[in-house]
Amino acid sequence: DAGVIQSPRHEVTEMGQEVTLRCKPISGHNSLFWYRQTMMRGLELLIYFNNNVPIDDSGMPEDRFSAKMPNASFSTLKIQPSEPRDSAVYFCAILAGGNTGELFFGEGSRLTVL
Amino acid sequence: LAKTTQPISMDSYEGQEVNITCSHNNIATNDYITWYQQFPSQGPRFIIQGYKTKVTNEVASLFIPADRKSSTLSLPRVSLSDTAVYYCLVGLSGGGADGLTFGKGTHLIIQP
């Protein structure tokens, strides 16, 4: 049964601080995606991994953002240093399996940078 | 990269059938059409996917004309709980970033 656990669900931090967002697929998945959602820009694909290797990181805004997937059951998205414009909801998603290419999303991490 | 165009918003009433159309003039031969639904404070949820003609599941129907340059998501007898944002995506099934790019979606508001 596909499932994605994200943490923290909410984080408020001050500009300049490091932020680490975590994603744990309940069962190991080879493909994992990080999205960012804001009112202005909608839902943006930041990066996706296949077999734990980053395939496309062209959506990562700048060098302050980095993502890792050390194994099939864990991934992190780090922002260092954070800025107010990074405030958004960050979603992690996996391919749910089968032939449809269906993405299964976590509940998101709402980040507020003051 | 196939681009999609959807209405920004739509209104309807409970019990009505709602049809949301998406334009994708540059769809490629191998591209599939996928629709997602998103409620506030939740991630998008897969609704339906199709390649051509008509697909129906327990939630919705998807109509795709022969030229595949557009598609229509049909929600039968909507209720208040169908108020959400609906996204149309076009790309390769099962992988590739093209199929994973969301636009702004259609904000559907259902009124009593």
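Predicted model, so just to flag it, every value in this text is computed and none were measured. (Residues numbered from 1 in each chain as written. Chains lettered and ligands numbered in written order. Predicted model: local features only at pLDDT ≥ 70, side-chain atom pairs only at ≥ 80, totals over all residues. Heavy atoms only, no water.)

Trainee: What is the right way to read unusual backbone geometry from this model?
Mentor: With glycine set apart, most residues show a phi of negative sign, and most peptide bonds adopt trans. Cis rather than trans, the peptide bond between Ser 7 of chain A and Pro 8 of chain A has omega equal to -10°. Within the secondary structure, Pro 8 of chain A is located in the loop between β1 (4-7) and β2 (10-13). For the peptide bond that leads from Gln 80 of chain A to Pro 81 of chain A, omega is -10°, which places it in the cis range. One can find Pro 81 of chain A in the loop between β8 (74-79) and β9 (88-95). The phi angle at Asn 51 of chain A is positive, at roughly 55°, despite the residue not being glycine. Along the chain, Asn 51 of chain A turns up in the loop between β5 (42-50) and β6 (53-56). Despite not being glycine, Arg 68 of chain B shows a phi value in the positive range, around 60°. Topologically, Arg 68 of chain B is positioned in the loop between β6 (61-64) and β7 (70-75). (Helix = DSSP H or I, 4+ residues; strand = E, 2+ residues; numbered from the N terminus.)

Trainee: Would you mind showing me how to read the state of the cysteines here?
Mentor: When the sulfur atoms of two cysteines share a covalent bond, that bond is a disulfide. On inspection of all chains with the given rule, the structure shows two disulfides over all chains. There is a disulfide in this structure between Cys 23 of chain A and Cys 92 of chain A, and the S-S distance comes to 1.9 Å. Its S-S torsion of about -65° marks the bond between Cys 23 of chain A and Cys 92 of chain A as left-handed, since a negative value means left-handed. With Cys 23 of chain A in strand β3 (residues 19-25) and Cys 92 of chain A in strand β9, the pair connects residues that are 69 residues apart, well separated along the chain. Put simply, Cys 22 of chain B and Cys 88 of chain B are joined by a disulfide, and their sulfur atoms are 2.2 Å apart. The chirality of the disulfide connecting Cys 22 of chain B with Cys 88 of chain B is left-handed, given an S-S dihedral of about -80°. (Disulfide = S-S within 2.5 Å.)

Trainee: I tried to follow the sheet that holds strand β7 (residues 65-71) of chain A on my own but got confused; where do I start?
Mentor: All names here are of chain A. The four strands lie next to each other as β1-β3-β8-β7, forming an open sheet whose pairing is antiparallel. Looking at which strands have only one partner, the edges of the open sheet turn out to be β1 and β7. Strand-to-strand twist of the sheet, defined as the mean angle between neighbouring strand axes without regard to direction, takes the value 15°. Bridging between β1 and β3 involves four bridges; their strand directions are antiparallel. Along β3, the bridge assignment pairs Ile 5 with Lys 24. (Pairing = 2+ DSSP bridges. Axes fitted to C-alpha atoms, helices over the stretch in contact; angles between N-to-C directions.)

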